[in-house]
Amino acid sequence: RRACLYVGSVATMVGLAILAGTDSIRGLWLSMIPGALLQQNFSVTKAVLSDYHEAIGAAAPSKAEGERQDASARAGSVGK
């Protein structure tokens, strides 16, 4: 999952480099292509944060049975 975040970041940098090196409308449109194709980071970021939260929850002392919520259910409810 981290690799996907890195790919999205590199795509952003490539788009910015294309944008910085051009002075036309065509270059503006071309600079949007890498980010549009490779930067779908919202769901990946949710999954990474869910994994971190689950790891922290496993290390922490357990609370009451009803208070603990599954990390995948919590990640699925974000952004809806």
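Described below are features of the structure shown in this document. (Residues numbered from 1 in each chain as written. Predicted model: local features only at pLDDT ≥ 70, side-chain atom pairs only at ≥ 80, totals over all residues. Heavy atoms only, no water.)

Turning our eyes to something else, we now look at the overall build of the protein chain. Of the regular secondary structure elements, the protein chain holds 4 helices and 0 strands. When the helices and strands of the protein chain are placed in sequence order, the string is α-α-α-α. Counting all 80 residues of the protein chain, 15% fall into the buried class. Total accessible area on the protein chain stands at roughly 6,200 Å², and carbon and sulfur atoms take up 65% of it. (Helix = DSSP H or I, 4+ residues; strand = E, 2+ residues; numbered from the N terminus. Buried < 20%, exposed > 50% of the residue type's maximum accessible area, 1.4 Å probe, protein only. Areas by Shrake-Rupley, 256 points an atom, 1.4 Å probe, with all protein chains shown as cover.)

Compared with the 27 Å implied by 1.5 Å per residue over 19 residues, the 27 Å span of helix 1 (residues 2–20) between its first and last C-alpha is a close match. All buried positions along helix 1 are accounted for by Gly-8, Ala-11 and Gly-15. Seen from one end, helix 1 has its buried residues packed into an arc of 55 degrees, which puts them on one side. Looking at helix 1, the residues exposed on the side facing more than 90 degrees away from the buried face are Arg-2, Ala-3, Tyr-6, Val-10, Met-13 and Ala-20. (Expected span 1.5 Å × (residues − 1). Arc of directions from axis to C-beta.)

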